[in-house]
Amino acid sequence: PQLRRLTKSRTMTTSIRIASLLLLCVSAIEAKKITFFGSQGGSNACQMKAGSKDACIVRLNGNPTTGYTWVATMESEGVVTVGEPEYQRNKDKLVGSGGIFEFRVAPKGTGGSTTVKFNYVRAWEAKNAEQIGQPDYQLFCQLE
């Protein structure tokens, strides 16, 4: 009797683990990730599903040793979130060489659209969005 309970318990635990893995796989398949390689004066459009784990990845060239960095601002708050940029140095690893700033833009709201504006600025020259001026790169985001 105790062996049967133990076997049933292990079978149930294994079944739960398998179901959890299947759920993770299905949610990973459904999530859409699009990468854009932005350029000065460029723009792109990204369509995401509201409430999903979709993401638009924006990769922009830059060189923080010059004092410049990429700053993101949005026209409408509450539609998407823009993560802090992750910086990846070029593979040549030369001192003073540039790299890539990578931003993750993900759905936040239940629908709508906004434009995320990216500016390449020196932090001490632009303290707020009004001082920044025209964007260097734009990403139009639409939530379905």
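Computed from a predicted structure; not experimentally measured. (Residues numbered from 1 in each chain as written. Predicted model: local features only at pLDDT ≥ 70, side-chain atom pairs only at ≥ 80, totals over all residues. Heavy atoms only, no water.)

1. A short note on the packing of aromatic side chains
- Enumeration according to the criterion identifies five aromatic pairs in this entry.
- The interplanar angle of 25° and the centroid separation of 5.2 Å between the aromatic rings of Tyr68 and Tyr120 together place this pair among those described as stacked. Taken together, the residues Tyr68 in strand β4 (residues 68-74) and Tyr120 in strand β8 (residues 112-122) connect sequence positions 52 residues apart.
- Consider the rings of Phe118 and Tyr137, whose centres lie 5.7 Å apart with planes at 45°: the pair is tilted. Pair noted here: Phe118 is in strand β8 and Tyr137 is in strand β9 (residues 137-143), with a separation of 19 residues, a long-range link. Each member of the pair, Phe118 together with Tyr137, is buried.
- Grouped by ring-pair contacts, the aromatic residues Tyr68, Trp70 and Tyr120 constitute a single cluster. (Phe/Tyr/Trp six-rings, centres within 6.5 Å; stacked < 30°, edge-to-face > 60°. Helix = DSSP H or I, 4+ residues; strand = E, 2+ residues; numbered from the N terminus. Buried < 20%, exposed > 50% of the residue type's maximum accessible area, 1.4 Å probe, protein only.)

2. Quick look at the confidence of the model for the chain
- A residue-level look at the chain finds 74% of positions with pLDDT of 70 or above and a mean pLDDT of 79.
- Low pLDDT (under 50) marks residues 19-29, which in the prediction has zero contacts with non-local residues, meaning those over four places away or in another chain. (pLDDT = per-residue confidence, 0-100. Contact = heavy atoms within 4.5 Å.)

3. Remarks on the pattern of salt bridges
- This model, assessed by the stated rule, comprises two salt bridges.
- With its nearest N and O atoms 2.6 Å apart, the salt bridge here joins Glu102 to Arg59. Of this pair, Glu102 sits in strand β7 (residues 99-107) while Arg59 sits in strand β3 (residues 55-62), and the two are 43 residues apart along the sequence. Across this residue pair, the class does not change: Glu102 and Arg59 are buried.
- Residue Lys117 pairs with Glu75 through a salt bridge whose shortest N-O separation is 3.5 Å. Of this pair, Lys117 sits in strand β8 while Glu75 is found in the loop between β4 and β5 (80-82), placing the two residues 42 residues apart along the sequence.
- Since its relative accessible area comes to 52%, Glu75 is described here as exposed. (Salt bridge = Lys/Arg side-chain N within 4 Å of Asp/Glu carboxyl O.)

4. Quick look at the state of the cysteines
- Tallied over the entire structure, the rule returns one disulfide.
- There is a disulfide in this structure between Cys46 and Cys56, and the S-S distance comes to 1.4 Å. Residue Cys46 is located in strand β2 (residues 42-48), and its partner Cys56 is located in strand β3; the two are separated by 10 residues in the primary sequence.
- Residue classification places Cys56 among the buried residues on the basis of a relative accessible area of 0%.
- For Cys141, which is in no disulfide, the shortest distance to another cysteine sulfur is to Cys46 and amounts to 5.5 Å. (Disulfide = S-S within 2.5 Å.)

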